[in-house]
Amino acid sequence: MKKVKWGVIGCGGIADRRTIPGMMLADNAELIAVMDANLEAASRVKDKYGAKYAFDKMEELLALNEIEAVYIASPVFCHMEQVMAAAKAKKHILLEKPTGLDVKEAEKIDAICKEEGVKLGVAFMMRCGTYHQKLRELIQEGTLGEIVSVRAQFTCWFPEMENNWRQQKRLSGGGALMDLSLHSIDLIRYVTGLEPVCVAGLSGNQIFKYEVEDAGSLMMRLSNGAIAYVDSNFNVPDSASISKFEIYGTKGCAVLRNTLAQVDGGEIEIICADDSVAYDAMQTREGAQHMKLDVEFGNMYTREIEAFGKAVIEDSTPLVSGEDAIRSQKIVEAAYESSKKGTFINL
């Protein structure tokens, strides 16, 4: 099997914790070089995963002819400069979300990649969750009927930290909405196949005093008329959150718990009923059928790397293209505008 030769820009956080370990398991990937502003960190990651090279300058990594694709896992404020350099070096790019600090920057990043003829994929790895992919199939098959309501709740505990880039708006672009709601929005769009047409949002600081919001909620009307609700918090302890994802339709519902996570797993409950049944004034809820799913969990990051590698090898569209990711970021930006103005924003 052909293997895409990878370079990694940014060796901390999610790269070392999840994505590079996932890359090591991918059948079509080979790690060649890593780069970090801290050479000691880059060298540690090089030795840990058996890469050939470690650099503290991006230009040195991009100068390697054997590298075909780069995974950029740096803070958001670095994305524009690094994508521009990688695209000009003719490297395909898998970029951590959000694409840019705002929609305007994200559109520039997408345009640069198109101009240079390289692929841009954005790392929404939640699409690669086993239950999420299976739920998408069931909805496409009509198992839940017409979707009428969707709810997603995704939280984490993110206390105040000195000089943390995620807590500074000019470096991150936003807080709980930008970081967590973006995942939920993308997942709703992917699983249901529906696009939001208007949005209302509320955001602010409830517990922590950093620049970005520590909590945000939004409501969206989807293209078929269904209503979707998204809640995101930086102020709920991880051990006290179950990260629920719920979809309700005219033939049944699916309730997922702890699938919005960095590890493939969680639980799913699917209940189906006949939408032709008569009105039941007693609401006994009889006649429901619980569907059991037999699935095999895997590594979401491995699937993400393999999917992007496949797009490179087959010259096809990445699982999450730049344009696709921008659509979700526009919704978050509209939610911020709505929160500020106190009104619905049409998309």
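Before reading further, recall that the structure is shown in the block above.
To start, this report covers the structure provided alongside it. (Residues numbered from 1 in each chain as written. Predicted model: local features only at pLDDT ≥ 70, side-chain atom pairs only at ≥ 80, totals over all residues. Heavy atoms only, no water.)

**Thoughts on the overall build of the protein chain**
Line of reasoning, step 1. A count of helices and strands for the protein chain gives ten helices and 15 strands.
Line of reasoning, step 2. Each of the three principal axes of the protein chain carries a C-alpha extent, and together these read 70 × 50 × 40 Å.
Line of reasoning, step 3. Put simply, of all contacts in the protein chain between residues at least 6 apart along the chain, 70% involve residues at least 24 apart.
Line of reasoning, step 4. Counting every atom, the protein chain has about 15,900 Å² of accessible surface; 49% of that belongs to carbon and sulfur. (Helix = DSSP H or I, 4+ residues; strand = E, 2+ residues; numbered from the N terminus. Contact = heavy atoms within 4.5 Å. Areas by Shrake-Rupley, 256 points an atom, 1.4 Å probe, with all protein chains shown as cover.)

**Points about the sheet that holds strand 8 (residues 196–204)**
Line of reasoning, step 1. Pairing is mixed across the open sheet formed by nine strands, whose spatial order is 14-13-12-11-7-10-9-8-15. A strand with exactly one partner marks an edge of an open sheet, and here the two such strands are strand 14 (289–291) and strand 15 (345–346).
Line of reasoning, step 2. Where strand 8 lies against strand 15, two bridges are found, and the strand directions are antiparallel. For Val199, the partnering residue across the bridge sits in strand 15 and is Ile345.
Line of reasoning, step 3. Contacting strand 8, strand 9 (215–222) and strand 15, helix 10 (residues 322–341) crosses the sheet at an angle of about 55° to strand 8. (Pairing = 2+ DSSP bridges. Axes fitted to C-alpha atoms, helices over the stretch in contact; angles between N-to-C directions.)

**Looking at the packing of aromatic side chains**
Line of reasoning, step 1. On inspection of all chains with the given rule, the structure shows seven aromatic pairs.
Line of reasoning, step 2. For the pair Trp6 and Phe308, a centre-to-centre distance of 5.7 Å together with 50° between the ring planes defines the contact as tilted. Within this pair, whereas Trp6 is found in strand 1 (residues 4–9), its partner Phe308 is found in helix 9 (residues 300–314), the two being separated by 302 residues in sequence. Comparing Trp6 with Phe308 shows no difference in burial state: the two are buried.
Line of reasoning, step 3. A cation over an aromatic ring shows up here: Lys169 above the ring of Tyr336, its NZ or CZ 5.3 Å from the ring centre. (Phe/Tyr/Trp six-rings, centres within 6.5 Å; stacked < 30°, edge-to-face > 60°. Buried < 20%, exposed > 50% of the residue type's maximum accessible area, 1.4 Å probe, protein only. Lys NZ or Arg CZ within 6 Å of the ring centre and 35° of its normal.)

**Things to note about helix 10**
Line of reasoning, step 1. Taking 1.5 Å as the rise per residue, helix 10 with 20 residues should run 28 Å; its terminal C-alpha atoms sit 28 Å apart, in good agreement.
Line of reasoning, step 2. Where helix 10 is concerned, the buried positions are Gly322, Asp324, Ala325, Ile326, Ser328, Gln329, Ile331, Val332, Ala334, Ala335, Tyr336 and Ser338.
Line of reasoning, step 3. Buried residues in helix 10 make contact with helix 5 (103–116), strand 6 (120–122), helix 8 (176–192), strand 8, strand 9 and strand 15.
Line of reasoning, step 4. Directly after helix 10, the chain includes Gly342, whose backbone phi takes a positive value near 70°. (Expected span 1.5 Å × (residues − 1).)

**Here's the deal with the side chain of Asp179**
Line of reasoning, step 1. Position of Asp179 relative to the elements: it lies in helix 8.
Line of reasoning, step 2. Under the relative-accessibility criterion, Asp179 is labelled buried at 16%.
Line of reasoning, step 3. Apart from residues lying up to four places away in sequence, Asp179 is in contact with Lys97, Arg166 and Phe234.

**With respect to the packing of helix 4 (residues 79–88) against helix 5**
Line of reasoning, step 1. Close contact between helix 4 and helix 5 brings their axes to 9 Å; oriented N to C, the two are set at 5°. Considering their axes alone, helix 4 and helix 5 lie roughly parallel with respect to each other. Listed contacts from helix 5 to His79, Met80, Val83, Met84, Ala87 and Lys88 of helix 4 are Glu105, Lys108, Ile109, Ile112, Cys113 and Glu116.
Line of reasoning, step 2. For the contact of helix 4 with helix 5, the per-class residue count stands at seven nonpolar, one polar and four charged. (Parallel < 35°, antiparallel > 145°, perpendicular 65-115°, else oblique. Nonpolar A, V, L, I, M, F, W, Y, C, P; charged D, E, K, R; others polar.)

**Remarks on the sheet that holds strand 6**
Line of reasoning, step 1. The six strands are arranged 3-2-1-4-5-6 in an open sheet whose pairing can be described as parallel. Every other strand in the sheet has two partners, leaving strand 3 (53–55) and strand 6 as the edge strands with one partner each. With strand direction ignored, the average angle separating the axes of adjacent strands in the sheet is 25°.
Line of reasoning, step 2. Two elements, strand 1 and strand 4 (residues 69–72), share four bridges in a ladder whose sense is parallel. Counterpart to Trp6 in the pairing with strand 4 is Ala69.
Line of reasoning, step 3. Along the sheet, helix 4 contacts strand 1, strand 4 and strand 5 (92–95); its crossing angle with strand 5, the most-contacted strand, is approximately 160°.

**Considering the nonpolar core**
Line of reasoning, step 1. Trp6, Leu135, Ile188, Met220, Phe245 and Ile247 are the most contacted members of the largest nonpolar core, which has 81 residues in total.
Line of reasoning, step 2. Ranked by residue count, the leading element in this core is helix 8, at ten residues.
Line of reasoning, step 3. Each residue touching Phe245, except ones within four places of it in the same chain, is listed here: His132, Leu135, Val150, Arg151, Ala152, Leu187, Ile188, Val191, Ala254, Val255, Leu256 and Leu260.
Line of reasoning, step 4. Core analysis: the next-biggest nonpolar cluster, separate from the first, contains 23 residues, Leu62, Ala86, Ala87 and Ile109 among them. (Core = buried A, V, L, I, M, F, W, Y, C linked by side-chain atoms within 4.5 Å.)

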